[in-house]
Amino acid sequence: MAERSTPDEKAVQGKSMEDKTVVRQPQKRDLTMGNVTSTMLLFAVPMILGNVLQQCYNLADTWIVGKFVGSGALAAVGSAYTLMTFLTSIITGMCMGGGALFSICYGRRDIRKMKEYMVSSFVLILGITVLLTAVSFAFLHPVLRLMQIPLDVYDMMYDYMWIILFGLPFIFLYNYFAFLLRSVGNSVTPLVFLGVSTVLNIGLDYVFVAVFEWNVEGAAIATVLAQIISGIGIAVYSFARETMLRLKREELRVNGGMLGEIFSYSGATGVQQSVMNFGILMVQGLVNSFGTAVMAAFAAGVKIDTLAYMPAQEFGNAYSIFISQNYGAGKKDRIRKGSKSAVVVVLLFCLAASAVVFLLARQLMGIFISPGETEIINIGAGYLQIEGACYCGIGILFLLYGYFRAVEKPKISLLLTVISLGTRVALAYACAPAFGVGAIWWAIPIGWALADVTGAVLIRAVNTGKKKCKNI
């Protein structure tokens, strides 16, 4: 497999000398060259490991709080995780959309335009992050009431969320620079910073909760401190070590003409990610109405569920960067080969995860729940066995999201998300009162399946140039 740290001379003919800067860095890969399968896999592995570490932020909170504080605190932190996932998905989605634009420019070897995107998107997404943080603080009580948080865990969840919200700007910093580095082929450095902050988070979690007995507030403080380290650290590294990305004083200006384009592209991806998690938040509200036992089971089950299909999700993100670089470089044949290979890889990932989760559902629940809590374990195992049997559905959906985002069709990704989550929420609310929580669990894979079918039809339409997709 060929590895390159910078564009070759032919690819950058006609660009400025600044655009030809060559700095060899072994952690960077040129995704427009080499064997498609091994290139994607080697690029995806650090991203997968990074997401594992990111889940460890939440797993550490869940495990330590559940063991040392109790099931009520577990329910509070679990519901807070769902709410925070929704909030951070807006930020992450916009950074992801910006990363797609960076990747396309890098594939075209247009570094000057990429820098213009960098400055304008940074200012835009930072502004949205600050606004989101302020609104979240102002409306925290109404949101918790809307989520139907039981009174016995309400105060704990409020205290936890009030501290966690201070981490939103640093979540932006980490994700912005992580997607920037990945767009130029560096998926290793984001993993390093996430690894350091995760180890710090787990250590501080134990000290603050188990030793100092600060309860859920201690877990929240540990997470925010870890986010500060990862956010500031990766930002400093990006400009200190990535010479190609360094900005001159005259480049530190916002291109007003680009703001609309960036907002349209990043906004569509941000909305897509937030719609996905808003649907989950609505489901969480319905789950909460069934009581603390179901709430705690769902909190633990979602953690396991998310970790199980996470390799497919991150491979889908790596596949998206692979497609966007090759889309920018005009390598259509490489895109076709990469897409076929990606489907095979994701199905293998998902089949393996399905087997493990389906067969070991009760044992996996036991990681978070004490053996004596049999009701919670039984409810959670039922959830995991239904979802675990259907991971191939969401695996394919992640590839569809990534493909449309990479070929400048982010609105189709949004459409598929609306179909998936709309189906999930509608079926859950319509059927759960009559059939119980099992209806909520079954609504999820049904939504995945409908979105997959729609995506398959649309991807064929886009590739054959049908008129109906030109303006999507």
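Please refer to the structure higher up on the page.
Colleague: What should I look at first to understand the overall build of the protein chain in this one?
Modeller: On a plain count of helices and strands, the protein chain comes out with 16 helices and 0 strands. Counting only C-alpha atoms, the protein chain reaches 70 × 45 × 40 Å along its principal axes. Within the protein chain, the proportion of its 472 residues that are buried is 58%. Within the protein chain, contacts between residues at least 6 apart in sequence are counted, and of these 82% link residues at least 24 apart. For the protein chain, the computed accessible surface area is about 18500 Å², with 66% contributed by carbon and sulfur atoms.

Colleague: Any chance you could explain the packing of helix α10 (residues 292–329) against helix α14 (residues 391–406) here in plain terms?
Modeller: Two quantities define a packed helix pair, namely the angle between the axes and the distance from one axis to the other. Closest axis-to-axis distance for the α10/α14 pair is 8 Å, and the angle between their directions is 25°. Considering the angle they form, α10 stands roughly parallel to α14. Note on packing geometry: the crossing formed by α10 with α14 is right-handed. Per-class residue counts for the contact of α10 with α14 are 13 nonpolar, 7 polar and 2 charged.

Colleague: Is there a simple way to explain the nonpolar core in this structure?
Modeller: Counting 145 residues, the largest nonpolar core has Met157, Met161 and Trp441 as its most contacted members. It is helix α2 (residues 71–108) that provides the largest number of residues to this core, a total of 22 residues. Other than its neighbours up to four places away in sequence, Trp441 contacts Val287, Phe298, Ile379, Gly382, Tyr383, Ile386 and Glu387.

Thresholds applied
- Counting of residues starts from 1 at the beginning of each chain's written sequence and follows it residue by residue.
- Note on the predicted model: pLDDT of at least 70 is required for a residue's local features to be given, and 80 or more for side-chain atom pairs to be given and counted; whole-chain, interface and lining totals, by contrast, use all residues.
- Excluded from the side-chain calculation are hydrogens and water; included are all heavy atoms of the structure.
- Helix and strand assignments come from DSSP, with helices taken as H or I runs of at least 4 residues and strands as E runs of at least 2, each series counted from the N terminus.
- For every residue, the accessible area obtained with a 1.4 Å probe (protein chains only) is divided by the maximum for its type, and the residue is called buried under 20%, exposed over 50%, and partly exposed between those limits.
- Residue contacts follow a heavy-atom distance rule, with two residues in contact if any of their heavy atoms lie within 4.5 Å.
- Under the convention used here, a 1.4 Å probe and the Shrake-Rupley method define accessible areas, while residue burial counts only the protein chains that appear.
- Lines fitted to C-alpha atoms define the axes, with helix axes restricted to the stretch in contact, and inter-axis angles between N-to-C directions lie between 0 and 180 degrees.
- Oblique is the label for every angle not falling under 35 degrees (roughly parallel), over 145 degrees (roughly antiparallel), or within 65 to 115 degrees (roughly perpendicular).
- In a left-handed crossing the near helix is turned counterclockwise from the far helix by less than a right angle, and in a right-handed crossing that turn is clockwise.
- Residues are grouped as follows: Ala, Val, Leu, Ile, Met, Phe, Trp, Tyr, Cys and Pro are nonpolar; Asp, Glu, Lys and Arg are charged; all remaining types, including Gly, are polar.
- Nine residue types can take part in a nonpolar core, namely buried Ala, Val, Leu, Ile, Met, Phe, Trp, Tyr and Cys, and a core is a set of them joined through side-chain atoms within 4.5 Å.

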